[in-house]
Amino acid sequence: MLRNATTDYPILLVHGLFGFDRIGKLELFHDVKQALRSAGARVFIPHLSATHSNETRGEQLLVQIERVLQGTGASKVNLIGHSQGALAARYAGALAPQMVASVTSVSGPNHGSELADFLRKALTPGRLPEQVAGAVATLFADFLSLLSGNRHLPQNAIAALNALTTEGVGAFNDKYPQGLPKTWGGKGRELVNGVRYYSWSGTLQGNILDEGLYALNPLHGFLRAFSHYFTTEAEQNDGMVGRFSSHLGKVIRSDYPLDHLDSLSQTTGQVRKGIDPIDLYVQHAERLRNAGL
């Protein structure tokens, strides 16, 4: 079947925490980018700090949006942010709606992450554990930046952690509420200041013994373990973000059988319970095209 995802405006895929655009031959969004380009979309991957606050990463995104607009001659862009990338995309959409046609959150912690809350409580502010953990995480982010050729980008792991807690995202939402639901688990306004807002995400389903996929990639096992730190939504999370915390604008679906990594790409090379996560991006590009974006 011939797909047509030729959107009017270029698509920028915005990575989240510890993300990168390319390290050697490894590209974080490789499968997504290739699928979108094969369907006719113009796709770009911005370079953002692997660890930092939502506002700092959002400012970096704004600079690169301007570069894409200058290079392509387009008047706006479509932003698709995964995880913390959704918050950077929301920041750009709020501050520069004239340059942003749409903001799409994929597994974004739009109301914070209970996992981040747990880690914040475990790391006493100003004490040695926080300093050690922050230093190690920042060094790792620096290492990723060096490998990806973006050594100039600043890194701050503790700023990233604070930005992802319920309190941190709450403060962010007070300043940039565009597209947020008024009720927990509800939908937000789809069109705000000329920018369209969308979201989708997944939840952990079944158990680890039923999912032979975890043996192929232990990171999925870690996400299963992380899920136990969520209390308000029990099993309704993807290992890092609660289901209803992901809601923004028009909620396409928030209970796909996908964990936090699955929603980024087909990490195990298999289609999970009939859902191809890569195809979700192509479907969404077709949705944007049909909306004149």
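Structural data are supplied above this passage.
Here's a quick rundown of the structure. Keep in mind it's a predicted model, so treat the numbers as computed, not measured.

**A closer look at the packing of helix H6 (residues 157–164) against helix H7 (residues 166–175)**
What describes two packed helices is the angle between their axes and the distance between those same axes.
Part 1 of the argument: It is the contact of H6 with H7, at a shortest axis distance of 4 Å, that shows an interaxial angle of 75°. Relative to H7, the element H6 lies roughly perpendicular. Together, Asn-162, Ala-163 and Leu-164 of H6 and Thr-166, Gly-168 and Val-169 of H7 make up the contact between the two elements.
Part 2 of the argument: When its residues are assigned to classes, the contact of H6 with H7 shows three nonpolar, three polar and no charged.

**Points about the pattern of salt bridges**
Part 1 of the argument: In the structure shown here, the tally under the stated rule is six salt bridges.
Part 2 of the argument: For the salt bridge of Arg-3 with Glu-286, the shortest nitrogen-to-oxygen distance reads 2.9 Å. On the criterion of sequence distance, the pair formed by Arg-3 in the segment before strand E1 (11–14) and Glu-286 in helix H10 (residues 277–290) is long-range, its members being 283 residues apart.
Part 3 of the argument: What makes Arg-3 partly exposed here is its relative accessible area of 24%.
Part 4 of the argument: Taking the shortest distance from any N to any O, the salt bridge between Asp-255 and Arg-243 comes out at 4.0 Å. Here Asp-255 is found in strand E9 (residues 250–256), whereas its partner Arg-243 is found in the loop between helix H9 (218–226) and E9, with twelve residues between them in sequence.
Part 5 of the argument: Linked by salt bridges that have partners in common, Arg-3, Asp-279 and Glu-286 make up one network.

Conventions and cut-offs
- Residues numbered from 1 in each chain as written.
- Predicted model: local features only at pLDDT ≥ 70, side-chain atom pairs only at ≥ 80, totals over all residues.
- Heavy atoms only, no water.
- Axes fitted to C-alpha atoms, helices over the stretch in contact; angles between N-to-C directions.
- Helix = DSSP H or I, 4+ residues; strand = E, 2+ residues; numbered from the N terminus.
- Parallel < 35°, antiparallel > 145°, perpendicular 65-115°, else oblique.
- Contact = heavy atoms within 4.5 Å.
- Nonpolar A, V, L, I, M, F, W, Y, C, P; charged D, E, K, R; others polar.
- Salt bridge = Lys/Arg side-chain N within 4 Å of Asp/Glu carboxyl O.
- Buried < 20%, exposed > 50% of the residue type's maximum accessible area, 1.4 Å probe, protein only.

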